[in-house]
Amino acid sequence: MTPFGRFLLATLSGLVLAGLVHLTVVLAIPYLSGRDALTRSRSTLSNDTSVLVHPARVGGPVEAAGDWLPPQDPAAAIGVCAYDLDDGPVRVTAETGPLLESLSLHGRGGAYYAVTDQAAVRGTLELVIMTRRQFDEALAEAGEDERNRDVRVVAPGREGYVVVRVLAALPSQQAMANKAAASVSCTIDGPDE
Amino acid sequence: MNTTAKTSRMTGMIRGMPSPAAMRRPRVRSRPSGRTTTVALVLYALLLGAGLGLASANWATRGRYPFGGVALGAWTAWPRIGSRDADPYARAIDARTGEVPLALGEGLVLTATQDEAGQRLDPGCRYTISGTTPPARAWTLTAERRHPAPVAADAAPVPRTGFTSTEILRDRNGGFAIALGPTVEPGNWLPVPSGEGALRLVLRLYDTPVAASTGVLEREGVPAITRLGCTP
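Residues numbered from 1 in each chain as written. Chains lettered and ligands numbered in written order. Predicted model: local features only at pLDDT ≥ 70, side-chain atom pairs only at ≥ 80, totals over all residues. Heavy atoms only, no water.

Caption draft 1: Representation of the packing of helix H1 (residues 3–32) of chain A against helix H4 (residues 88–97) of chain B. One can describe the packing of H1 of chain A onto H4 of chain B by two numbers: an axis separation of 7 Å at closest approach and a directional angle of 50°. Taken as axis vectors, H1 of chain A and H4 of chain B run oblique relative to one another. Here H1 of chain A and H4 of chain B pass one another in a crossing that is left-handed. Residue-level contacts link His 22, Leu 23, Val 26, Leu 27, Ile 29 and Pro 30 of chain A of H1 of chain A to Pro 88, Tyr 89, Arg 91, Ala 92, Ala 95 and Arg 96 of chain B of H4 of chain B. Partitioning the contact of H1 of chain A with H4 of chain B into residue classes produces nine nonpolar, one polar and two charged. (Axes fitted to C-alpha atoms, helices over the stretch in contact; angles between N-to-C directions. Helix = DSSP H or I, 4+ residues; strand = E, 2+ residues; numbered from the N terminus. Parallel < 35°, antiparallel > 145°, perpendicular 65-115°, else oblique. Left-handed = near helix turned anticlockwise from the far one by under 90°. Contact = heavy atoms within 4.5 Å. Nonpolar A, V, L, I, M, F, W, Y, C, P; charged D, E, K, R; others polar.)

Caption draft 2: How the structure looks around a nonpolar patch on the surface. A cluster of nonpolar side chains, contributed by Phe 4, Phe 7 and Leu 8 of chain A, occupies part of the molecular surface with about 310 Å² of accessible area. Topologically, Phe 4 of chain A is positioned in helix H1. (Patch = residues over 30% accessible without salt bridge, like charges linked within 9 Å, V, L, I, M, F, W, Y side chains within 5 Å. Areas by Shrake-Rupley, 256 points an atom, 1.4 Å probe, with all protein chains shown as cover. Salt bridge = Lys/Arg side-chain N within 4 Å of Asp/Glu carboxyl O.)

Caption draft 3: Layout of the domain arrangement of chain A. Segmenting chain A into domains produces domain 1 (1–32) and domain 2 (37–188). With centres defined by C-alpha atoms, the gap from domain 1 of chain A to domain 2 of chain A works out at 43 Å. (Domains from an automatic or database assignment.)

Caption draft 4: Expanded view of the interface of chain A and chain B. Taken together, the contact between chain A and chain B spans 51 residues of the former and 48 residues of the latter. When the two sides are added together, the surface that chain A and chain B hide from each other amounts to roughly 4,100 Å², 66% of it contributed by carbon and sulfur. Linking chain A with chain B are two salt bridges, by the criterion used here. With a closest N to O distance of 2.9 Å, Asp 117 of chain A and Arg 137 of chain B form a salt bridge. Applying the counting criterion to the chain A and chain B interface returns 21 residue pairs in polar contact (both at pLDDT 80 or more). Put simply, the parts of the chain that give the side of chain A that touches chain B at least two residues each are H1, strand E4 (101–107), strand E5 (110–116) and strand E8 (159–167) of chain A. Counting residues per element, the side of chain A that touches chain B draws most heavily on H1 of chain A, at 17 residues. Here the side of chain A that touches chain B is built from residues that sort into 32 nonpolar, 13 polar and six charged. (Buried area = accessible area lost by both parts, 1.4 Å probe. Polar contact = N/O pair within 3.5 Å; in protein donor to acceptor, adjacent residues only side chain to side chain.)

Caption draft 5: Spatial organisation of the state of the cysteines. Residues and elements named next belong to chain A. Using the criterion set out here, one finds two disulfides over all chains in the structure. Between the sulfur atoms of Cys 81 and its disulfide mate Cys 186 the distance is 1.8 Å. Disulfide Cys 81-Cys 186: the torsion about the S-S bond is -105°, which places it as left-handed. Separated by 105 residues along the polypeptide, Cys 81 in strand E2 (residues 76–84) and Cys 186 in strand E9 (residues 185–188) bring together distant segments of the chain. Residue Cys 81 shares its accessibility class with Cys 186, and that shared class is buried. (Disulfide = S-S within 2.5 Å. Buried < 20%, exposed > 50% of the residue type's maximum accessible area, 1.4 Å probe, protein only.)

Shown next as structure tokens:
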């Protein structure tokens, strides 16, 4: 083989290798990143309520909050609470008010469920997040005549986080939105329930 | 580029030196350069692969989402990033920034970096944003800079960065017109935010039925961004 042919072959294999490296790195970033929302939210695992990570900024002094999110809607207050389904299903309860509020569930693969306050029953949004196995167990344990009114959501993975967004449509609603975003309860569902 | 230069320098070095293997075994000495160039070429291929692969992965996962954008006038929406169908690039970008995308059931984000005529939004120009928005329970329209200026903690009053659908002033028919510009204007004046870099408009639709399918999005109107003039 001529020297130029060898060089061409080396360049070609280098390019193929570059493609492989590129794909591997892109696929690996969500698992290796220390700045992603899943890793950052993990500090809220021990909390029973959501933690405000982005305060609404529509008027008046801005409330202090952990600010690791990139620029968000200034009118939205965002709270986060992480869950780990190893300890049992997680019950998420939000008391909705007059403001637009939405709950979304995120796993490693992205958002998998979302619901807004329009689905609230008597001012309360309640979800139970469980793994497929916990869901099957709950079905098997339930009696014939028992009727369960929980909204059960099967999570794609063990770990994830709940995001609550509350919209402060007017400057006067800022404090209320911040409070609502930080008051969603995420507790481990007891086995007796 | 850098890698190639480094490799060629290395090749020269290796070629100049008598390789220890060649000295020990005189039989191979007849073609000493064949073996060293092979080593150099393999090294070159490895470095090229690693360098190009890492650099391109870094480039592709910073900034905007590369795939899945739906263009509507001057606006672009990425309906799939808020679902489990998000492509790996969008996931990697979110993982690097810590972004929590708006889930499909929550709403939809539309961004614009250009005006209706296709020109980039210029922080020194005046624009009007008017028309209708797709059906949504609430929406907010904000202006952002790529590198926002740091906000002083005691800055009062906080400069307006956006409008919500509740607070905006409307005309008799329910329409609205937002005046975006660096100087004070009557009506719904949205000041150009201070900072460096490109200007971007973000329209967030909350609790909207259009998120479910982009076909609906195309039928519904989006606000038009028209350039009025620029201050020299």
